[in-house]
Amino acid sequence: MKKGDFVIIGAVAVAFLLSIIMLIPFSKQGSHVVIKQDNKIIYNQSITQNQTIDTGTNKIIIQDGVVRMEHANCKNQICINAGTISKKGETIVCLPNKVIVEIK
């Protein structure tokens, strides 16, 4: 092995460790759900409370410690396809309707 091989192996190892360190905050279970529409907080409650929130354009379901977007009247439906979130820092965004769901 040459000196350059060790440099490449070292760089890959450092990148791997940094990616693990960056993911640690996202691995913790969240405690609150914050929903914003037009940059205004419309919901801020515990993730353990089962709720259905209807923003008029979107329907968000909080059930059994996870959150998902069930309905959106936007064209692309990316927010619906985002699936469920439950860990700190995870978000679901519906850009056309300016709705953000975030786990804190």
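Computed from a predicted structure; not experimentally measured.

Colleague: Before we go on, may I ask you to explain a nonpolar patch on the surface in this structure?
Modeller: Together, Met1, Phe6 and Ile9 line one region of the surface with nonpolar side chains, adding up to about 370 Å² of accessible area. Of note, isoleucine 9 is situated in helix 1 (residues 3-23).

Colleague: Explain the pairing of strand 4 (residues 58-63) here, please?
Modeller: Working note: regular strand, side chains alternate between the two faces of the sheet. Of the strand pairs in this sheet, strand 3 (residues 51-54) and strand 4 are connected by 4 bridges, and their pairing is antiparallel. Note that in strand 4 the partner of threonine 52 across the bridge is isoleucine 61. For strand 4 and strand 5 (residues 66-72), the ladder comprises 6 bridges, and the chain directions are antiparallel. Among the inter-strand pairings, asparagine 58 is bridged to a residue of strand 5, identified as alanine 72. Between strand 4 and the antiparallel strand that follows it, strand 5, lie 2 residues; aspartate 64 among them carries a positive phi value of about 55 degrees.

Colleague: Even after reading the chapter, I still don't get the side chain of serine 86, so can you show me in this structure?
Modeller: Its location among the elements puts serine 86 in the loop between strand 6 (84-85) and strand 7 (91-94). Judged by its relative accessible area of 11%, serine 86 is buried. Non-local contacts of serine 86, meaning those with residues more than four positions away in its chain, are made with Gln29, Gly30, Ile47, Gly65, Val66 and Ile103.

Definitions and cut-offs
Residues numbered from 1 in each chain as written. Predicted model: local features only at pLDDT ≥ 70, side-chain atom pairs only at ≥ 80, totals over all residues. Heavy atoms only, no water. Patch = residues over 30% accessible without salt bridge, like charges linked within 9 Å, V, L, I, M, F, W, Y side chains within 5 Å. Areas by Shrake-Rupley, 256 points an atom, 1.4 Å probe, with all protein chains shown as cover. Salt bridge = Lys/Arg side-chain N within 4 Å of Asp/Glu carboxyl O. Helix = DSSP H or I, 4+ residues; strand = E, 2+ residues; numbered from the N terminus. Pairing = 2+ DSSP bridges. Buried < 20%, exposed > 50% of the residue type's maximum accessible area, 1.4 Å probe, protein only. Contact = heavy atoms within 4.5 Å.

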